[in-house]
Amino acid sequence: MPSNIEIKARARDFEEIRRRAESLSDTSVEVILQEDTFFYTERGRLKLRILVLNRGQLIYYTRPDQEGPKRSEYHIYETADPENLKRVLGHAYGIRGVVRKTRYLYLVGQTRVHLDDVEGLGQFMELEVVMGEEQSDAEGQSIAEDLMSRLGVERGDLLEGAYMDLLESR
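Predicted, not measured: the structure shown is a model, and the values here were computed from it.

The pairing of strand S3 (residues 45–51) with strand S4 (residues 55–62) spans seven bridges and is classified as antiparallel. Within the sheet, the bridge partner assigned to isoleucine 50 lies in S4 and is glycine 56. Once S3 ends, the chain turns through three residues before running back antiparallel as S4, passing leucine 53 with a positive phi of about 60°. Looking at chain direction, S4 and strand S5 (residues 70–79) are connected through seven bridges and run antiparallel.

When strand S2 (residues 30–39) meets strand S6 (residues 95–108), the two strands line up antiparallel, connected through ten bridges. Its bridge partner lying in S6, glutamate 30 is registered against leucine 105. Pairing between S2 and S3: five bridges, direction antiparallel. Residue phenylalanine 39 lies in a different strand from S3, and its bridge partner there is leucine 46. In this structure, the hairpin formed by S2 and S3 is closed by a connection of five residues, where glycine 44 is found at a positive phi of approximately 70°.

Glancing now at the packing of aromatic side chains. By the definition in use, this model includes two aromatic pairs. Pairing phenylalanine 14 with tyrosine 104 gives two aromatic rings, centres 6.0 Å apart and planes at 70°, and the pair type is edge-to-face. Note that phenylalanine 14 is positioned in helix H1 (residues 14–24) and tyrosine 104 in strand S6, a separation of 90 residues in sequence. Per residue, the accessibility class of phenylalanine 14 equals that of tyrosine 104, and both read buried. Residues phenylalanine 124 and tyrosine 163 carry aromatic rings whose centres are separated by 5.1 Å and whose planes lie at 55° to one another, so their mutual orientation is tilted. Here tyrosine 163 lies in helix H4 (residues 163–169) and phenylalanine 124 lies in strand S8 (residues 122–130), a separation of 39 residues in the sequence. The same class applies to phenylalanine 124 as to tyrosine 163, namely buried. It is arginine 18 that lies over the ring of tyrosine 104; its NZ or CZ is 4.4 Å from the centre.

Inspection of every chain in the model, using the stated rule, returns 23 salt bridges. One salt bridge in this structure joins arginine 100 and glutamate 35, with 3.3 Å as the shortest N-O distance. Placement of arginine 100 in strand S6 and of glutamate 35 in strand S2 is noted, with a sequence separation of 65 residues between them. Owing to a relative accessible area of 37%, arginine 100 belongs among the partly exposed residues under this scheme.

Residue placement: leucine 107 occurs in strand S6. Given a relative accessible area of 31%, leucine 107 falls into the partly exposed group. For the pair leucine 107 and valine 29, spaced 78 residues apart in sequence, the C-alpha separation works out to 8.1 Å. Sequence-distant contacts of leucine 107, defined by excluding residues within four places in its chain, comprise Ser25, Asp26, Thr27 and Arg112.

Our next topic: the side chain of aspartate 116. Within the fold, aspartate 116 resides in strand S7 (residues 111–118). The class for aspartate 116 is buried, based on a relative accessible area of 0%. Polar contacts involving the side chain of aspartate 116 include one to the side chain of tyrosine 163, which spans 2.7 Å. Residues in contact with aspartate 116, not counting those within four places in the same chain, are Phe14, Lys101, Thr102, Arg103, Gly122, Gln123, Phe124, Glu126 and Tyr163.

The rules behind these values
Residues numbered from 1 in each chain as written. Predicted model: local features only at pLDDT ≥ 70, side-chain atom pairs only at ≥ 80, totals over all residues. Heavy atoms only, no water. Pairing = 2+ DSSP bridges. Helix = DSSP H or I, 4+ residues; strand = E, 2+ residues; numbered from the N terminus. Phe/Tyr/Trp six-rings, centres within 6.5 Å; stacked < 30°, edge-to-face > 60°. Buried < 20%, exposed > 50% of the residue type's maximum accessible area, 1.4 Å probe, protein only. Lys NZ or Arg CZ within 6 Å of the ring centre and 35° of its normal. Salt bridge = Lys/Arg side-chain N within 4 Å of Asp/Glu carboxyl O. Contact = heavy atoms within 4.5 Å. Polar contact = N/O pair within 3.5 Å; in protein donor to acceptor, adjacent residues only side chain to side chain.

Shape descriptors only; they carry no functional weight alone.
Encoded structure:
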């Protein structure tokens, strides 16, 4: 199963983190509008991400709810008919909620740096260190912590869970 090491944090100074990410990035920023519909599941999380041009990704993932670097395992299914898939999954599992965000994506080595402006929640930073088959979790955590430091993100900024959890707890 594909995996990554993730960090999620509140962005105290969104523009400063964005400036630093831009200077570290191997590519130009990609701005992505996303709508994630979460469905009820017994374990893990299941969401349908709707992107522009009627594209979608059904994403199932598991990860512990803890602050700091954590391993996430995931599966992704691409669809050209996300609205119909959302309707079917909604009937089968029930819709837990919807998260809408503007994501600024930067690539730094094997890490995806997401700067997210989340509707109703505020601004956040996520790191996803995409793990190679031979890499240990400790190596991924070291990469994430180094990049977190270079972006100016402090331990006190770290968050548990998903945006959906934060929306439900408001």
